[in-house]
Amino acid sequence: HSSLTASEQAGPGAIWILKSSAGAKGKDILISRDPAELLAAVDGGGDGQAWVVSRYIDPPYLLGGRKFDLRCWVLVDSEYRAFMFQDGVARTASYPYDADRLEEPLLHLTNHCLQERCEAFGRHEPGNELGWAELDALMQRQEEARARGPAARPADSTANRPADSTAIR
């Protein structure tokens, strides 16, 4: 509660994401600019329900105008030694990010269980995933284009974004 009630310190229009510890597969996630809405969701949750709330990074680093997250796998043995698997993936959103459309999960969440139900799933990358080498190459091309200036970058297309949540099958 204290993070949300002190949200004025984050500045006007700060975006927050709220996740239930009992949620999975993109469920029980709320993205909002309204701390009262987030507090109501927490207060309306089950007894003993734990929640994680954090301020959204805005603007986020995007790949081709779309959100992504990184998945890596780590093994921790009985002696608390951690071993990170060499390969991992970046999971990408199917549609361009839009901070003014917080109600559209496909623009903000990269969970496969959400993305695979939309008509644009796999349009940019097979299975909306990039391996580390593919991610690195894409990020390098994107940064090179950014260094050349706005004229060298293609505009983010909004033609492929859903009109509303009916785009989820």
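Overview of the structure.

Parameters at a glance
- Residues numbered from 1 in each chain as written.
- Predicted model: local features only at pLDDT ≥ 70, side-chain atom pairs only at ≥ 80, totals over all residues.
- Heavy atoms only, no water.
- Pairing = 2+ DSSP bridges.
- Helix = DSSP H or I, 4+ residues; strand = E, 2+ residues; numbered from the N terminus.
- Axes fitted to C-alpha atoms, helices over the stretch in contact; angles between N-to-C directions.
- Contact = heavy atoms within 4.5 Å.

Overview of the sheet that holds strand 4 (residues 68-76)
One key point about sheets: their strands pair by backbone hydrogen bonds, in either a parallel or an antiparallel sense.
Then step 1. One open sheet holds the three strands; their spatial order is 4-5-6, and the pairing between them is antiparallel. Single-partner strands in this sheet number two, and they are strand 4 and strand 6 (129-131). Across the sheet, the mean angle separating the axes of adjacent strands is 30° when strand polarity is ignored.
Then step 2. With eight bridges connecting them, strand 4 and strand 5 (residues 82-92) associate as antiparallel partners. Along strand 5, the bridge assignment pairs Asp 69 with Arg 91.
Then step 3. Each of strand 4, strand 5 and strand 6 touches helix 4 (residues 132-148); the most contacted strand, strand 6, lies at about 95° to it.

Thoughts on the sheet that holds strand 2 (residues 29-32)
Then step 1. Taken together, the three strands give an open sheet; going across it, the order is 2-1-3, and neighbouring strands pair in antiparallel fashion. Across the chains shown, the open sheet's two edge strands, defined by having one partner strand only, are strand 2 and strand 3 (51-55). Across the sheet, the mean angle separating the axes of adjacent strands is 15° when strand polarity is ignored.
Then step 2. Pairing between strand 1 (residues 16-20) and strand 2: four bridges, direction antiparallel. In the sheet register, Trp 16 faces strand 2, and the bridge partner there is Ser 32.

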